[in-house]
Amino acid sequence: MKLILHIWRQKSRESPGKMARYEVSNVNEHMSFLEMLDVLNEELIARNEDPVAFDHDCREGICGSCGFMINGVAHGPQRGTTVCQLHMRHFKEGQALWLEPWRAKAFPVLKDLMVDRSAFDRIIAAGGYISVNTGGAPEANALPVDKQKADLAMDAAQCIGCGACVAACPNASAALFTSAKISHLAHMPQGQPERRRRALSMVARMQAELFGACTNHGECEAVCPKGIELENIARMNREFTKAAWARRDEVAGSGRRRLLPRSFP
Amino acid sequence: MQRRKADFPIEGAKSALTSVATTEEAKQTVGFYRSVVGKKVVMAVTGFILFVFIVFHLAANLLIYFPPEANGTRLLNDYAAHLRALPALLWGARVLLLVAVILHIVAAWQLTVLNKLEARTTGYVKYTPIASSYASRTMVWSGPIIFFYVIYHLLDLTFGTLNPSFQSGNVFHNVVADFEHPGVAIFYIFANACLAFHLYHGIWSMCQSVGLAHPRYTPMLKKASVALAIAIGAGFCSIPLAVMTGLVR
Ligand code: FES
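Residues numbered from 1 in each chain as written. Chains lettered and ligands numbered in written order. Predicted model: local features only at pLDDT ≥ 70, side-chain atom pairs only at ≥ 80, totals over all residues. Heavy atoms only, no water.

(A) Summary view of the overall build of chain B. Broken down by element type, chain B carries nine helices and zero strands. Along its sequence from the N terminus, chain B presents helices and strands in the succession α-α-α-α-α-α-α-α-α. Here chain B holds 249 residues, and the buried ones make up 40% of them. Excluding contacts between residues fewer than 6 apart, the proportion of contacts in chain B whose partners are at least 24 apart in sequence is 67%. When the accessible surface of chain B is split by element, carbon and sulfur atoms take 72% of a total near 13,600 Å². (Helix = DSSP H or I, 4+ residues; strand = E, 2+ residues; numbered from the N terminus. Buried < 20%, exposed > 50% of the residue type's maximum accessible area, 1.4 Å probe, protein only. Contact = heavy atoms within 4.5 Å. Areas by Shrake-Rupley, 256 points an atom, 1.4 Å probe, with all protein chains shown as cover.)

Structure (structure tokens):
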């Protein structure tokens, strides 16, 4: 089959970009969307033109590298699917498709359909981890985990960090991504020691990276290839609010209450 | 690439393992408000206060449908007189509402600037919403329309400045005289349609913002928001329609 593609072409981070029109024939309905772009790129290379740059790695929907907008929807028309797993049988002969990179201040375009998502890494580095001392592995059964909580943690941990939530959000908010990690660890016993600090730090980082605020549109949940739910954002709001109000200054006082006034020299 | 330092002084925002106590308690509220989550919580709480007011206001307004009593007085006027006889309650509520309105608007303004001017600086050539509602995408319009309507509404029916046949204390007369002008009635209906849209998204959204979500109750809550929004909008709009059709005179 044949498709008309309008693709965002941008040489580098600084240069201005624009939409360019391409026609790809020889599209097989069994191809994935990325394989279809490979076909286009081979033609472009044969014509001595610059191939379209896009991120990809596993091509089996588990790494979170791929992703761009197809006709204004992150990862395209198939729900719960990354573009690498989206097959051409979902498109019609002669259909016109608009491909654009994720748009967010925090995700600058590197080239064509590729964006820099390192802001996500910095959000994780701000608190999306647990501190584990080295040594022998603890006995697994010594730490019971409620089945339901384990399931909820597992669901939240499904996030592959592709950035579709930010791209789809009218506010370019990273609330779904950040809340998935906060939820994941808040459900687990191993996540408890750093629970409050994690919520504060990750939200602070998310904001410092210039992601927007969640206004509960729900676009993120709809495009998430891993089905991360909006409930996680409510959980993040809860975790953050509790942590912000219950926080107390960290004092090393051997557990004694501080009796001297704070301004005491 | 542009990166900012985390700009609210909540302790945990600092490097995680070596943080030393430096923040005073006083900064806590400020820090909470400076966060996007804090602003949304403020919007939710103030929105809730305004929502409760609207429910009471509607209930009181519907007194207009009671027929005149034997001595010719109207229940709506009696209610207004009783309310005025309780200045502490009246002024307490007014101050609370004013503070709520100011906080709601300031937070909305700041979040809108962040979302539209800072976070998404480049738009899409093609963007297709697939989950958000018309109501959720137009909160930023329905809000200001309601705000400007409320200012007019206060000048018209509370202070009487804009109402040529204003009779202090005779609420029934003022309302009926008002809605005999089709322009006033249409503005009122339009503003209340906006209010219904605002509540359609706002009621469930405020629960989500303060962290109330549950797979069992959230779907019910969304349905309840729609029902309440329609009921409130219809309740208010029925009054000008009743006056115009001569049902209330
Ligand atoms: S390439 Fe790994 S998820 Fe698409």
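We are not done yet, so read on.
(B) Structural context of the domain arrangement of chain A. All names here are of chain A. One can read the domain layout of chain A as domain 1 (3–111) and domain 2 (117–130 + 145–255). Relative to domain 2, the C-alpha centre of domain 1 lies at a distance of 29 Å. With 21 residues of domain 1 at the contact, the number on the domain 2 side is 20 residues. When domain 1 packs against domain 2, close to 1,400 Å² is buried across both sides, 63% of that on carbon and sulfur atoms. When the buried surface of domain 1 facing domain 2 is broken down by residue, W102, A106 and F107 rank first, second and third, together holding 34% of it. The interface formed by domain 1 and domain 2 holds one salt bridge in total. Its salt-bridge partner being D55, residue R117 comes within 3.3 Å of it at the nearest N-O pair. Here domain 1 and domain 2 share six residue pairs in polar contact (both at pLDDT 80 or more) between them. Residue composition of the side of domain 1 that touches domain 2, by class: 10 nonpolar, seven polar and four charged. (Domains from an automatic or database assignment. Buried area = accessible area lost by both parts, 1.4 Å probe. Salt bridge = Lys/Arg side-chain N within 4 Å of Asp/Glu carboxyl O. Polar contact = N/O pair within 3.5 Å; in protein donor to acceptor, adjacent residues only side chain to side chain. Nonpolar A, V, L, I, M, F, W, Y, C, P; charged D, E, K, R; others polar.)

(C) Local environment of the interface of chain A and chain B. Residue-level contacts link 65 residues of chain A with 61 residues of chain B. In total, chain A and chain B occlude about 5,500 Å² of area from one another, counting both sides; carbon and sulfur atoms represent 54% of this. When residues of chain A are sorted by the area they lose upon contact with chain B, Q207, N216 and R247 of chain A head the list and together hold 12% of the total. Our enumeration of links across chain A and chain B arrives at zero salt bridges. Inspection of the region where chain A meets chain B yields 28 residue pairs in polar contact (both at pLDDT 80 or more). Those elements that place two or more of their residues in the side of chain A that touches chain B are β5 (96–100), α4 (164–168), α6 (195–208), α7 (219–223) and α8 (231–246) of chain A. The dominant element in the side of chain A that touches chain B, judged by the number of residues it contributes, is α8 of chain A, at 11 residues. Along the lines of polarity and charge, the residues of the side of chain A that touches chain B split into 35 nonpolar, 13 polar and 17 charged.

(D) A look at the nonpolar core. With 55 residues, the main nonpolar core has F120, V166 and F211 of chain A as its most contacted residues. When neighbours within four sequence positions are excluded, V166 of chain A is seen to be in contact with A104, F107, F120, A172, S173, A174 and F211 of chain A together with R120 of chain B. In terms of nonpolar packing, the next biggest core, distinct from the first, is built from 30 residues, I64, F179, M206 and F236 of chain B among them. (Core = buried A, V, L, I, M, F, W, Y, C linked by side-chain atoms within 4.5 Å.)

(E) Representation of the domain arrangement of chain B. All names here are of chain B. Each assigned domain of chain B is listed here: domain 1 (1–34) and domain 2 (36–244). Tallying the contact residues gives four residues for domain 1 and nine residues for domain 2. Summed over both partners, the interface of domain 1 with domain 2 comes to about 520 Å²; 54% of that surface belongs to carbon and sulfur atoms. Where domain 1 touches domain 2, the interface holds zero salt bridges. Remark: the boundary between domain 1 and domain 2 carries three residue pairs in polar contact (both at pLDDT 80 or more). For the side of domain 1 that touches domain 2, the residue count by class is two nonpolar, no polar and two charged.

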